[in-house]
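Remarks on the overall topology
Below are the chains, spelled out letter by letter.
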Amino acid sequence: MDNAPRIGVIGAGVVGLTVADILQKNTKAKITVIAETFREDTVSSVAAGIFRPASTFKGPSKEITKKWIHDSWHYWQDILRTPESPKAGIFSFNCYVYSTKSYEATRNRLIEDLVPYYKQMSDDELNIVGGQQKYGSFFSTVKIGCDSYLPWTEKRLKNNGVKIIQEKVESFASIAKKFDLVFNCTGLGARYLCGDEDVIPIRGQIAKVKAPWLKAAFYGDFADTYIIPGIDGLATLGGVRGYDSYNTEFNKHEAAAIFERCYNLLPPLRKAEVLGHRVGLRPHRAVVRVEPELVGDLRVVHCYGHGGYGVTTAPGTALYAVNIGLDLLKTNSKL
Ligand SMILES: Cc1cc2nc3c(=O)[nH]c(=O)nc-3n(C[C@H](O)[C@H](O)[C@H](O)COP(=O)(O)OP(=O)(O)OC[C@H]3O[C@@H](n4cnc5c(N)ncnc54)[C@H](O)[C@@H]3O)c2cc1C
């Protein structure tokens, strides 16, 4: 064990903890997770957490993007099949995507051949939400509630000997002597840690309401409006997409717009008690960065820039990153 490689994972959002979990299951390495923030203080905890990639989520090629999405789906399904899934905050439900404009706007070609059930809506299904919606797609999917998944994963990591440290990493050089390999899962933090100006915040704001009766997800035109159920009876209402905005303050006007659109889409929500609001900055990058780099003498595998789809795709990108990292260790390659 003393000769075991020392691996650091920077970041404790859904990406960092999933990388650490996969590493812990597949190596005898000494693993340390270092992060400035954990659990409710991460962007991951703000996410609605629905498995629903969109065409703005991109890897370096179409094939790799598809692989990441497919591997992610199967990873979440594997947890869903275990008795642990409620503790991990993972459950399955149906999702109705509506449009007043076109059928095409409701389609999701990335998952049409992946999820167990995917079809164009019938007139009956269109009428579930009242008369205005003209087009729709309907599919089965899962939600990963990070308010459960992050502490559940963190606990398993600790139980399996992974060291967890709360600390801001100021530079790769500052930790270079401590590790043989480092995974950089810092989300928007990569903008500062690696000076990567291609990582751009997309501001999001959501409301949490008490709606234990809500058992399906609903999207309005162009996914600007969404209503996602929670395993705990709390629904997430959204949304907002503020490109290049660093503002993490709650905005009451945006909240009012979210309520108006969600109530129009699903009128029974008007009676749901409002429990609070959250704001988060999605770490967007035109191409999600999963690749190795030699920084000084330190081998780094980057895994960041998942934008609005990091909960959906964390496992596929994490598996890809871990394979790159373990190959580097096996071949003792400096890159
Ligand atoms: C309103 C909203 C709704 C969303 N809904 C969904 C959804 O339904 N489905 C979906 O798939 N995605 C959704 N997302 C997107 C999702 O939240 C992100 O893609 C995902 O959380 C990114 O995860 P991450 O681990 O990369 O980043 P984060 O959760 O931000 O974690 C980054 C980690 O790195 C640490 N860190 C950063 N810099 C440093 C440093 N220098 N030193 C030490 N630690 C550092 C941070 O402290 C943190 O622990 C939503 C986002 C928002 C804002």
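Residues numbered from 1 in each chain as written. Predicted model: local features only at pLDDT ≥ 70, side-chain atom pairs only at ≥ 80, totals over all residues. Heavy atoms only, no water.

Digging into the overall build of the protein chain
- Scanning the protein chain from N- to C-terminus turns up 8 helices and 14 strands.
- The C-alpha radius of gyration of the protein chain comes to 20 Å, within 12% of the 20 Å expected for a compact globule of 335 residues.
- Dimensions of the protein chain, computed from the C-alpha atoms along their principal axes, are close to 65 × 40 × 35 Å.
- Counting every position in the protein chain, which comprises 335 residues, the buried fraction comes to 55%.
- Taking the intrachain contacts of the protein chain between residues at least 6 apart in sequence as the baseline, contacts between residues at least 24 apart amount to 75%.
- Of the roughly 15,400 Å² that the protein chain leaves accessible, carbon and sulfur atoms contribute 50%.
- Considering the protein chain, the positive charge centre built from 42 side chains and the negative charge centre built from 35 side chains are found 2 Å apart. (Helix = DSSP H or I, 4+ residues; strand = E, 2+ residues; numbered from the N terminus. Rg over C-alpha atoms; globule rule 2.2 N^0.38 Å. Buried < 20%, exposed > 50% of the residue type's maximum accessible area, 1.4 Å probe, protein only. Contact = heavy atoms within 4.5 Å. Areas by Shrake-Rupley, 256 points an atom, 1.4 Å probe, with all protein chains shown as cover. Lys, Arg positive; Asp, Glu negative; His and termini not counted. Charge placed at Lys NZ, Arg CZ, Asp CG, Glu CD.)

So, the packing of helix H1 (residues 14-26) against helix H5 (residues 146-159)
- Contact geometry for H1 and H5: axes closest at 10 Å, N-to-C directions at 35°. Between H1 and H5 lies a crossing whose hand is left-handed. Counting all contacts with H1, which are made through Val14, Leu17, Thr18, Ala20, Asp21, Gln24 and Lys25, the residues of H5 involved are Cys146, Tyr149, Leu150, Thr153, Glu154, Arg156 and Leu157. (Axes fitted to C-alpha atoms, helices over the stretch in contact; angles between N-to-C directions. Left-handed = near helix turned anticlockwise from the far one by under 90°.)

Points about the site of the ligand
- Inspection of the region around the ligand gives 37 residues, with Thr37, Ser44, Val169, Gly307 and Thr312 positioned closest.
- Within the backbone of Ile50, one N or O atom sits 3.0 Å away from an oxygen atom of the ligand.
- Between an oxygen atom of the ligand and a main-chain N or O atom of Gly307, the distance comes to 2.6 Å.
- A total of 1,000 Å² of accessible area belongs to the ligand in isolation, and the protein chains cover 95% of it.
- Elements with a minimum of two residues in the shell around the ligand: H1, strand S8 (200-210), strand S13 (273-295) and helix H8 (310-330). (Near = heavy atom within 4 Å. Polar contact = N/O pair within 3.5 Å; in protein donor to acceptor, adjacent residues only side chain to side chain.)

Section: the side chain of Thr317
- Structurally, Thr317 can be placed in helix H8.
- For Thr317, a relative accessible area of 0% corresponds to the buried category.

Topic: the environment of Cys95
- Position of Cys95 among the secondary structure elements: in strand S3 (residues 90-99).
- Those residues in contact with Cys95 that sit more than four places away from it in its chain are Ile50, Ser137, Phe138, Phe139, Thr141, Ala217 and Tyr219.

Here's the deal with the layout of surface pockets
- If you add up the space inside the second largest pocket, you get close to 710 Å³.
- For the second largest pocket, the lining is made up of 31 residues, of which Ala54, Ser55, Asn108, Arg109 and Leu110 are closest to its centre.
- With 6 residues, the single largest contributor to the lining of the second largest pocket is helix H2 (residues 62-80).
- For the lining of the second largest pocket, a count of residues per class yields 13 nonpolar, 8 polar and 10 charged. (1 Å grid on protein atoms, 1.4 Å probe; cavity = no way out; pocket = protein on both sides within 12 Å on 5 of 7 lines; lining within 4 Å. Points joined across faces, edges and corners; volume = space filled by probe spheres on them. Nonpolar A, V, L, I, M, F, W, Y, C, P; charged D, E, K, R; others polar.)

What to know about the pattern of salt bridges
- Counted by the stated rule, this structure contains 19 salt bridges.
- For Arg81, the salt bridge goes to Asp78, with nearest N and O atoms at 2.8 Å.
- Exposure remark for Arg81: the relative accessible area of 61% places this residue in the exposed category.
- Residue Asp78 is classed as partly exposed on the basis of its relative accessible area of 45%. (Salt bridge = Lys/Arg side-chain N within 4 Å of Asp/Glu carboxyl O.)

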